[in-house]
Amino acid sequence: MHSLLAHLHARGLDGIPCVHGLDDEGREVLDYLPGDTLDPETTAPSDAALAAAAGWLRRFHDAVADFRPGAVAWRQGVQALGEGEIICHNDPGLYNWVVQGGEFAGMIDWDRAGPGRPLDDLAFLVWSGVPLLRPTPVADSVRRLQIAAEGYGGVSALDVVDAVDARMDLIAGRWRAGIERNDPGTLALRDSGAMDRHLSRVREFGDREVAIRSELARS
Ligand SMILES: Nc1ncnc2c1ncn2[C@@H]1O[C@H](COP(=O)(O)OP(=O)(O)O)[C@@H](O)[C@H]1O
Ligand SMILES: [Mg+2]
């Protein structure tokens, strides 16, 4: 994680905490990014902040493209970069955005970074940032999906919705695997009820998605 952040810093990526090594008690020391994180249950960033976050995600993906460390241990286990994969942030939910004066200012919480498809990161960013994880009017979802797709660039909003479906399947698959191998973190997530809550949200999104897709196809 430290070499990832150092690489991004060397590439001039904005909005990331720099690592300053360990203190004498062995604690990691990182920059404080001034601002606030957001609660996806109650808040939504402005259209401009959403566009800026998607634009930042693209700059991150461009900056990380030549960081190819081989098969090393990530939080998810030892993983090499697969075909079409880069090192993704993997958790770009609103609770990890830093917003200052309403403007997108950066992304924290890099410990889930690891190999993934770039669009999986964008999918998770819109899941939380549009938001898609709770019911909002279809017209708002459509408009803000388009804003995010344009902010990222080179993808359509429908591509992003496809990626959301794939990303949600990926999460469910990871959880099933985690439960099978008795991974303590996954079991704790299940026992806290967070897993059921998420899965029912995915089902509810599936209901809204039909209307969102047909609206996007018409525009
Ligand atoms: N670099 C940072 N700059 C500012 N605040 C931070 C930074 N890192 C963490 N925080 C604060 O600590 C909280 C938890 O940190 P985070 O790295 O997101 O851990 P967790 O895995 O618990 O979500 C964040 O929501 C934020 O309030
Ligand atoms: Mg966090």
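One can find the structure itself at the top, above this paragraph.
Residues numbered from 1 in each chain as written. Chains lettered and ligands numbered in written order. Predicted model: local features only at pLDDT ≥ 70, side-chain atom pairs only at ≥ 80, totals over all residues.

(A) Examining the nonpolar core more closely. One finds L122, V126, A148 and V160 to be the most contacted residues of the largest nonpolar core, which totals 47 residues. At the level of secondary structure, the elements contributing two or more residues to this core comprise α2 (47–64), β5 (86–88), β6 (97–100), β7 (103–107), α3 (118–129), α4 (138–152), α5 (157–180) and α7 (194–218). A148 has contacts with L50, A54, L125, V126, G129, V130 and V160, leaving out every residue within four places of it along the chain. (Core = buried A, V, L, I, M, F, W, Y, C linked by C-beta atoms within 7 Å. Buried ≥ 20, exposed ≤ 12 C-beta atoms within 10 Å, placed from the backbone. Helix = DSSP H or I, 4+ residues; strand = E, 2+ residues; numbered from the N terminus. Contact = placed C-beta atoms within 7 Å.)

(B) The arrangement of the site of ligand 1 in detail. In the vicinity of ligand 1, the contacting residues are P17, L30, D31, Y32, L33, T37, Y95, N96, I108 and D109. Class assignment for the residues of the shell around ligand 1 results in six nonpolar, two polar and two charged. (Near = placed C-beta within 6 Å. Nonpolar A, V, L, I, M, F, W, Y, C, P; charged D, E, K, R; others polar.)

(C) Up close: helix α6 (residues 184–191). Little of α6 is tucked away, with zero of its eight residues classed as buried. Immediately downstream of α6, the backbone of G193 shows phi near 90°, a positive value.

(D) Here's a closer look at the packing of α5 against α7. Taken N-terminus to C-terminus, the directions of α5 and α7 make an angle of 160°; their axes are 11 Å apart at the nearest point. Between α5 and α7, the interaxial angle falls into the category roughly antiparallel. For the pair α5 and α7, the sense of crossing is left-handed. Residues A157, L158, V161, M168, A172 and W175 of α5 lie in contact with α7, whose contacting residues are M195, L199, V202, E209, I212, R213, L216 and A217. For the contact of α5 with α7, the per-class residue count stands at twelve nonpolar, no polar and two charged. (Axes fitted to C-alpha atoms, helices over the stretch in contact; angles between N-to-C directions. Parallel < 35°, antiparallel > 145°, perpendicular 65-115°, else oblique. Left-handed = near helix turned anticlockwise from the far one by under 90°.)

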